[in-house]
Amino acid sequence: MVSASDTSAPPHPPRPRVVVTRKLLPEVEARMTELFDVSLNTDDRPMTREELAAAMRECDVLVPTVTDSIDADLIAQAGDKLGLIASFGAGTEHIDLAAARARKIVVTNTPGVFTDDTADLTLALIILVSRRFSENVKILREGKWAGWGPSQMLGHSLMGKTLGIVGMGRIGQAVAHRARAFGMEIRYHNRNRQPAALENMFSARYEPDLDTLTAEADILSLHCPAGPETVKLFDARRLALMKPTACIVNTGRGQIIDEEALIAALSEGRIAGAGLDVFAHEPNVDPRLLNLPGVVAMPHLGSATYEGRGAAGERIIANIRFWVDGHRPPDMVLPELP
């Protein structure tokens, strides 16, 4: 693990050369311009690999996003000046942390700032999928609505339904808090069981076996971190355990679900629906998913609020300023390495 002393001396250039890979909010970019020698991405075009490599050869600080893959090869090409990778977003799976540590490059992220925004969107997807929003809106827009009827366009209420939360971290807990207000029963699966006080707060029951949770839940909400152990965590075998009336909601990472298996399960009516904010091959989305009646799809909007994106920008600025002053940045990532 990296110790605080590794980043405490000597202080870095008072106006470090900072390269930002994507367009940020105007107020964040203005503040960065005041404080740093900054290169901004004014047209918001994703940087190519060659452009990233060139930037990393010349800058003191790189500010990438979760869509920039900063792998070991790119880090090996970095210039001697590069001392900080201040990533925009909570996830760090797009950065080779071991390679960064070997080069004594500090890595920071922006944890917590998108928790409420993502939880809000998760609840929206839960509601929209349960009430068959996509199917019913399509009927209305195509002029096929024949008027109200007591047996038409029916979905399911949330009261009393079992919500299975996979990944009970910050976002999973925020979802549980909101779901309780709708009268849902909370069960969760996590790498480690949460303290009893937290379980009592949400009236949540821990389920150590993911297959059991999958089979019992009316709605599954996925909040797993990305990693080798979670790629296609919900494959054909596990999806087959779900109730035919159950729905799955993913605002975590697209790779958690085997999309081919999900398409098959939805097409064959073996599960009722899916609410998706993330996809396996973003920004490319399988058109079959978009055309299935039980799917509500969003273009990765979990963190898309002015407040959240502004707060993330401010956290990045704070991390850079701490690093410039020779102090440990508050959001420094400490990889667990052998």
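Model, not experiment: these values are computed from the prediction.

Asker: What am I meant to see in the side chain of threonine 108 here?
Answerer: With respect to the helices, strands and loops of the structure, threonine 108 is situated in strand S5 (residues 106-108). When its relative accessible area of 1% is taken as the criterion, threonine 108 is described as buried. Beyond its immediate chain neighbours, meaning those up to four positions away, threonine 108 contacts Leu84, Ile85, Ala86, Ser87, Asn319, Pro329, Asp331, Met332 and Val333.

Asker: Before we go on, may I ask you to explain the sheet that holds strand S2 (residues 37-39) in this structure?
Answerer: Strand pairing within a sheet occurs via backbone hydrogen bonds; the two strands may be parallel or antiparallel. The five strands lie next to each other as S2-S1-S3-S4-S5, forming an open sheet whose pairing is parallel. The sheet is open, and its two borders are formed by S2 and S5, each paired with just one other strand. Direction aside, the axes of adjacent strands within the sheet are offset by 15 degrees on average. Packing against the sheet, helix H13 (residues 306-324) makes contact with strand S1 (17-20), strand S3 (61-63), strand S4 (84-86) and S5, and its axis sits at approximately 165 degrees to S4.

Asker: Even after reading the chapter, I still don't get helix H7 (residues 170-181), so can you show me in this structure?
Answerer: Residues separated by three or four positions in an α-helix point in the same direction, a consequence of the helix having 3.6 residues per turn. Over its twelve residues, H7 runs 18 Å from end to end, which matches the ideal 16 Å to within 8%, given 1.5 Å per residue. Within the sequence span of H7, burial applies to Gly172, Ala174, Val175, Ala176, Arg178 and Ala179. On its buried side, H7 packs onto helix H5 (115-130), strand S6 (162-166), strand S7 (185-189), helix H8 (196-202) and strand S9 (219-222). Glycine 183 sits one or two residues past H7 and shows a positive phi near 80 degrees.

Asker: Quick question: what am I supposed to make of the UniProt feature "domain: D-isomer specific 2-hydroxyacid dehydrogenase NAD-binding" (unreviewed entry) in the protein here?
Answerer: With numbering matched to this structure, UniProt assigns "domain: D-isomer specific 2-hydroxyacid dehydrogenase NAD-binding" (unreviewed entry) to residues 123-302. In this annotation, residues 123-302 is assigned 34% helix and 16% strand; the end-to-end C-alpha distance for the span is 11 Å.

Asker: How should the packing of helix H1 (residues 26-35) against H13 be read in this particular structure?
Answerer: Helix packing for two helices is described by the angle between their axes and how far apart those axes are. At their nearest, the axes of H1 and H13 sit 10 Å apart, and the two run at 15 degrees to each other. In terms of their interaxial angle, H1 and H13 are classed as roughly parallel. Between H1 and H13 the crossing geometry is right-handed. Here Val28, Arg31, Met32 and Leu35 of H1 lie close against H13, whose contacting residues are Gly310, Gly313, Glu314, Ile316, Ile317 and Arg321. Classifying every residue of the contact of H1 with H13 by side-chain character gives five nonpolar, two polar and three charged.

Asker: Is there a simple way to explain the domain arrangement of the protein in this structure?
Answerer: Each domain of the protein was delimited in the assignment, giving domain 1 (17-109 + 305-325) and domain 2 (115-144 + 153-297). The straight-line distance from the C-alpha centre of domain 1 to that of domain 2 is 32 Å.

Asker: Looking at this model, I keep getting lost on the pattern of salt bridges. Mind explaining?
Answerer: Oppositely charged side chains are able to pair whenever their charged atoms sit close together. Summed over the entire model, instances satisfying the criterion amount to 24 salt bridges. The partner of glutamate 51 in a salt bridge is arginine 45, and the shortest N-O contact between them spans 2.8 Å. Between arginine 270 and glutamate 268 there is a salt bridge; the shortest N-O distance is 2.7 Å. Note on arginine 270: relative accessible area 33%, which makes it partly exposed. A relative accessible area of 54% places glutamate 268 in the exposed class.

What counts and how
- Residues numbered from 1 in each chain as written.
- Predicted model: local features only at pLDDT ≥ 70, side-chain atom pairs only at ≥ 80, totals over all residues.
- Heavy atoms only, no water.
- Helix = DSSP H or I, 4+ residues; strand = E, 2+ residues; numbered from the N terminus.
- Buried < 20%, exposed > 50% of the residue type's maximum accessible area, 1.4 Å probe, protein only.
- Contact = heavy atoms within 4.5 Å.
- Pairing = 2+ DSSP bridges.
- Axes fitted to C-alpha atoms, helices over the stretch in contact; angles between N-to-C directions.
- Expected span 1.5 Å × (residues − 1).
- UniProt positions renumbered as here; feature names shortened; annotations may be inferred.
- Parallel < 35°, antiparallel > 145°, perpendicular 65-115°, else oblique.
- Left-handed = near helix turned anticlockwise from the far one by under 90°.
- Nonpolar A, V, L, I, M, F, W, Y, C, P; charged D, E, K, R; others polar.
- Domains from an automatic or database assignment.
- Salt bridge = Lys/Arg side-chain N within 4 Å of Asp/Glu carboxyl O.

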